[in-house]
Amino acid sequence: MARDSQAALVALNRFGFGARGGASGDLINAASDPRGFVKAELARPSGVLLEAPGLQSTQQLGQAVFAYQDQVKQAREAAKAAAPPETPARAEQKPALRRNLSLNTAATEIAGQMAEAKPADSAAKPATMQPGAAAPAAKPAPQPLNVIQKTFRTEALARLQRATLATCGFTERLVAFWSNHFCISASKGELARIWAGAFEREAIRPHVLGRFADMLKAVEQHPAMLFFLDNQQSLGPDSRAGQNRKRGLNENLAREIMELHTLGVGGGYTQDDVTSLARIITGWTFAGRQGQLGAPGSFVFNTNAHQPGPQMLLGKTYEPTGLAQGEAALADIARHPSTANFIATKFARHFVADDPPPALVARLRDVFVKTDGDLKALATALVEADEAWKTPLTKMRSPYDFLVASGRLLARVPEDPGAYLNNLNLLGQPLWSPAGPNGFPDTSAAWAAPEGMKLRLDIAAQMGARLGNNIDPLDLLEFAAADAASIETRRTIERAESRQQALALLLMSPEMQRR
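Because the structure is a prediction, the values reported are computed rather than measured. (Residues numbered from 1 in each chain as written. Predicted model: local features only at pLDDT ≥ 70, side-chain atom pairs only at ≥ 80, totals over all residues. Heavy atoms only, no water.)

**Observations concerning the packing of aromatic side chains**
Applicable threshold: Here a pair means two rings of Phe, Tyr or Trp (six-membered ring of Trp) with centres within 6.5 Å. Their orientation is stacked below 30 degrees between planes, edge-to-face above 60, and tilted elsewhere. Every helix listed is a DSSP run of H or I at least four residues long, and every strand listed is a run of E at least two residues long, numbered separately from the N terminus. Here's how the labels work: a residue is buried when its accessible area is under 20% of the maximum for its type, exposed when over 50%, partly exposed in between, all with a 1.4 Å probe on protein chains only. Our definition puts a charge over a ring when NZ of Lys or CZ of Arg is within 6 Å of the ring centre and also within 35 degrees of the ring normal.
Tallying each qualifying case throughout the model produces 17 aromatic pairs. Residues Phe-177 and Phe-347 carry aromatic rings whose centres are separated by 5.4 Å and whose planes lie at 80° to one another, so their mutual orientation is edge-to-face. With Phe-177 in helix α9 (residues 170-181) and Phe-347 in helix α17 (residues 337-351), the pair connects residues that are 170 residues apart, well separated along the chain. Phe-177 sits in the buried class, given a relative accessible area of 4%. In this structure Phe-347 comes out as buried when scored by relative accessible area, which is 1%. Each member of the aromatic cluster is reached from another via a ring pair, and the members are Phe-15, Phe-170, Phe-177, Trp-178, Phe-182, Phe-212, Phe-347, Phe-351, Phe-368 and Trp-389. The ring of Tyr-400 has Arg-159 lying over it, and the distance from NZ or CZ to the ring centre is 4.7 Å. One Lys or Arg, Arg-193, reaches over the ring of Phe-152 and ends 4.0 Å from the middle of that ring.

This is how it looks when you write it as C-alpha cells:
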C-alpha cells in the first residue's frame, strides 16, 4: 500500500496530538492506513479509562478536603486563642471604622491606614550595603502543598502523561472535547479544584465511547457539577426544606443543561422549561461533611428538598417519581432532535472547521439519532467522512493541544506538571478552569490573536534554548510531517541562525500550530 504523508499528517494533527518523536514511527504507521490508524484507538475502549497511583475517587477526595478544612479551622482557632489579649490602650489607638460603609469604601479606608503605617518611601528602599552591615533576611521557605494542590497536580500529571504517550491521541482528544463541553471550573472553590480530575475520570472517560445519555446522567449527577452550578442550594419552593428555610429554586444547572449541554440556544425550549427542569432536579445534591444524607462527597437525592408534584417539560408531563423523574427528563432531552443537531455541529466544528461542511453535520446528526447517541459510532462516522480528510488543516491548536503536541514531538514525557500548568495559565487556558460554564472557545480566532501568538513564540524560544543543542530540528520535521511539510517551513528551518532558533521556528510552524 502506498504511503500518504499528507493523509498521515491529517490523521495525527486533526484527530490526535501530532506525531511523537524518537523511535515511535507514528507518521510512517499512519501513512500506510491513515483512517485505520485513527480508528484503531476506538477499538480499545478500556484505554480511555485513566487509573494511576494516587488517583482517588470523588468520595475519598470529598472526605479528604472536609478533613483538611476542619484542620485549617482548628489551627486558626488555636492561633486566635494563643494570641495575647488586646490591652485597652492598644484598642484606643485603632481608629474606628464608620458603620454602614460599602465594602469598597471600607477596604479603601483600611488600605489607607495600612499605607500610613508603612515607613516613608526613602526609608523603605534598601540602602547600599555598608561594610559590616547585617545581610538581608533570607526569603521564607515555600509552604508545602496542601491536599487540594497535591491532588490537582497529580490529576494533571496523569492526564498529561496519557496524552503524551498515546499512539494517535484520538481518544484523548475526545476526552478533552467532552470535558470542555461538560465543563466545570476548578476556580469555583476548594471542592471544585480537588474534584476536577476525578470528575473527568468518573463522568466523562467511561462514556466517551458509550452513549450520550449515560454521559449526560453521569455528569449532571456528579458532585463536582452540582457544586459548580450550585444545585445543592436549589430547593423546591413547596418542599419541606423550601418551606422551612424560605428559599427557592436555583436555575443554574437546569439552564446550562438545556443551553450548553443538550438542546443549545434556539433549541426549542422556553424559560418555563428551564424553571420546570429546575424543579424536577431539586434534591439532586451531594452529602456534606456531616454525612447526614450519605457518605460525605457522594451524590444523594434529598427528598426533603425535592419539589413535589408533576411537572410539564417540553410538552410532556413527568409524574412525581422522585429521582426517577429527573432521570427520565434527562433521557428524553438526550434524544431530542435539537440535541442531535447541537452535538453534531459542535463535534464537526471542533475537529474539522470553524464553519463545518453542512453535509458532514447532517451525516453526524443522522448517526447520532439512528444509534441513540452512540458516541463511538459518532466518532467513527467522523473518521470515515471524506470532508474530515479533504478540508485543509486551518484550525489553530488550543494552548493545551500545542503544549502536548510539542512535548510529544520532543519525546519529553512530563514528570512534573508545573511547567505545563504555568504555560497554560500564561496562554489563557488554565487546566479545568474556564471562565464560565460554556468552556473554552473552540474557534481559531480565539487562539490566533497576536498577543497569544507572541506568548507561544516565547515558550517555543524557551524550549529551543533549553533543548536545541541536542536535537536536529530537521530530523524532528521528518517525524512531524516528512514530505507533507511545506517548502516554506523546510527553508525557514534550514536558514535559522542556530539549532535553538530552528527548533523554536519548527514549533511555531503551521505543521505544529494547525490541526
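The rest of the description comes next.
**Regarding the pattern of salt bridges**
Filter applied, for reference: The term salt bridge refers to a side-chain nitrogen of Lys or Arg lying within 4 Å of a carboxyl oxygen of Asp or Glu.
Applying the stated rule across the entire model yields 24 salt bridges. In this structure, Glu-172 and Arg-162 form a salt bridge, with 3.8 Å as the shortest nitrogen-oxygen distance. Placement of Glu-172 in helix α9 and of Arg-162 in helix α8 (residues 147-165) is noted, with a sequence separation of 10 residues between them. Classification of Glu-172 by relative accessible area gives buried; the value is 4%. Looking at Arg-162, the relative accessible area reads 23%, which means it is partly exposed.

**A closer look at unusual backbone geometry**
The phi dihedral of Leu-314 falls on the positive side, at around 55°, and the residue is not glycine. By the secondary structure assignment, Leu-314 is in the loop between β3 (311-313) and β4 (316-318). Classification of Leu-314 as partly exposed rests on a relative accessible area of 28%. The phi angle at Ala-482 is positive, at roughly 55°, despite the residue not being glycine. Note on placement: Ala-482 falls in the loop between α25 (473-480) and α26 (487-494). Residue classification places Ala-482 among the buried positions, given a relative accessible area of 12%.

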